[in-house]
Amino acid sequence: MRTWFPYPLLSIALLLIWLLLNQSVAPGTFVMGTILATGLGWVTLKLSPVRSHPRRILVTLRFGFAVALDIIRSNLAVIAVILRGRRRPPSSGFLTVDLDLDDENALALLACILTATPGTAWLEYDRRRKSLLFHVLDMENERVWIDTVKRYEAALKEIFG
């Protein structure tokens, strides 16, 4: 069974997404989705992703809650930037932060968090220098953003460490 479906949950999720995107459960759509889901499962197997073992479930839950609160605060800040309009344009800019994360999945999660947070975007990670470049829409205080990224880094090191 592992030969045909190396990642069964991934294949099922891909099939469901295919059916939802096509808004149909016709036999042809189902067969095509099954072929694609199986094929992409094999491709993922060939990529041999790095396996991480997250630990400390309580820390993970606290981290998720903190990130959710930060995203809500960031949404409100972006709304304020939009509403104040031309009275005071945003002072956007780029920040570089040195990171000490080695786990690729922790880095990927940090990238997802920074990109999903309104007003910020992950731009580049230099593996040699271990530095992250990201963009902030309204950077009133650089130190707040650097401290936020460092707080995320510390939590991710504890979770994936």
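It should be emphasised that the depicted structure is a prediction, and the values quoted were computed from it without experimental measurement.

Novice: Pulling in residues and values, what's your account of the environment of Ile79?
Specialist: Considering the arrangement of structural elements, one finds Ile79 in helix H3 (residues 57–84). Given the relative accessible area of 44%, Ile79 is considered partly exposed. With 24 residues separating them in the primary sequence, Ile79 and Arg55 have C-alpha atoms 36 Å apart.

Novice: Describe the packing of aromatic side chains, with residues and values.
Specialist: Summed over the entire model, instances satisfying the criterion amount to two aromatic pairs. Geometrically, the ring pair formed by Phe63 and Tyr152 is edge-to-face, given 5.7 Å between the ring centres and 90° between the ring planes. With Phe63 in helix H3 and Tyr152 in helix H5 (residues 142–160), this pair connects stretches of sequence that are 89 residues apart. For Tyr152, a relative accessible area of 3% translates into the label buried.

Novice: Explain the pairing of strand E3 (residues 131–136) to me, using residue names and the numbers behind them.
Specialist: Taken residue by residue, a regular strand's side chains alternate between the two faces of the sheet. One ladder, built from six bridges, connects strand E1 (residues 93–98) with E3; its direction is antiparallel. Bridging from a neighbouring strand, Gly93 pairs with Val136 of E3. As paired elements, strand E2 (residues 120–126) and E3 share six bridges and run antiparallel to each other. When the sheet's bridge partners are listed, Ala121 is paired in E3 with His135. What sits between E2 and E3 in their antiparallel hairpin is a turn of four residues, with Lys130 showing a positive phi close to 55°.

Novice: Tell me about the nonpolar core, residues and numbers included.
Specialist: Counting residues in each nonpolar core, the largest one holds 25 residues, and the members touching the most others are Phe63, Leu99 and Phe134. Of all the elements in the fold, those that place two or more residues in this core are H3, E1, helix H4 (104–116), E3 and H5. Top element by residues in this core is H5. It accounts for eight residues. Not counting residues within four places of it along the chain, the set of residues in contact with Leu99 comprises Leu107, Leu110, Tyr125, Lys130, Leu132, Val149, Lys150 and Glu153.

Novice: Outline the packing of H4 against H5, supporting the account with residue identities and numerical values.
Specialist: At a closest axis distance of 10 Å, the pairing of H4 and H5 adopts a crossing angle of 145°. H4 and H5 meet at a crossing whose hand is right-handed. Of H5, the residues touching H4 (which contributes Asn105, Ala106, Leu109, Leu110, Ile113 and Leu114) are Val149, Tyr152, Leu156 and Phe160. By residue class, the composition of the contact of H4 with H5 is nine nonpolar, one polar and no charged.

Novice: Quick one: what's the story with the packing of H3 against H5, residue by residue and with numbers?
Specialist: A pair of packed helices can be characterised by two numbers: the angle between their axes and the separation between those axes. Following both chains from N to C, one finds H3 and H5 inclined at 160°, their axes separated by 10 Å at the closest point. As judged from the angle between their axes, H3 and H5 are roughly antiparallel. Every pair of crossing elements has a handedness; the one defined by H3 and H5 is left-handed. Across the interface between the two elements, Val59, Thr60, Phe63, Ala66, Val67 and Asp70 of H3 pack against Thr148, Arg151, Tyr152, Ala155, Leu156, Glu158 and Ile159 of H5. Class assignment for the residues of the contact of H3 with H5 results in eight nonpolar, two polar and three charged.

Novice: Any chance you could break down the sheet that holds E1 for me, citing the residues and the numbers?
Specialist: Read from one edge of the open sheet, three strands run E1-E3-E2, paired in antiparallel fashion. Of all the strands in the sheet, just E1 and E2 have a single pairing partner and so form its edges. Here the average twist between neighbouring strands, direction ignored, is 25°. Each of E2 and E3 is contacted by H4, which is oriented at about 150° to E2, the strand it contacts most. H5 rests against E1, E2 and E3 of the sheet, and its axis sits at about 40° to E1.

Parameters at a glance
Residues numbered from 1 in each chain as written. Predicted model: local features only at pLDDT ≥ 70, side-chain atom pairs only at ≥ 80, totals over all residues. Heavy atoms only, no water. Helix = DSSP H or I, 4+ residues; strand = E, 2+ residues; numbered from the N terminus. Buried < 20%, exposed > 50% of the residue type's maximum accessible area, 1.4 Å probe, protein only. Phe/Tyr/Trp six-rings, centres within 6.5 Å; stacked < 30°, edge-to-face > 60°. Pairing = 2+ DSSP bridges. Core = buried A, V, L, I, M, F, W, Y, C linked by side-chain atoms within 4.5 Å. Contact = heavy atoms within 4.5 Å. Axes fitted to C-alpha atoms, helices over the stretch in contact; angles between N-to-C directions. Left-handed = near helix turned anticlockwise from the far one by under 90°. Nonpolar A, V, L, I, M, F, W, Y, C, P; charged D, E, K, R; others polar. Parallel < 35°, antiparallel > 145°, perpendicular 65-115°, else oblique.

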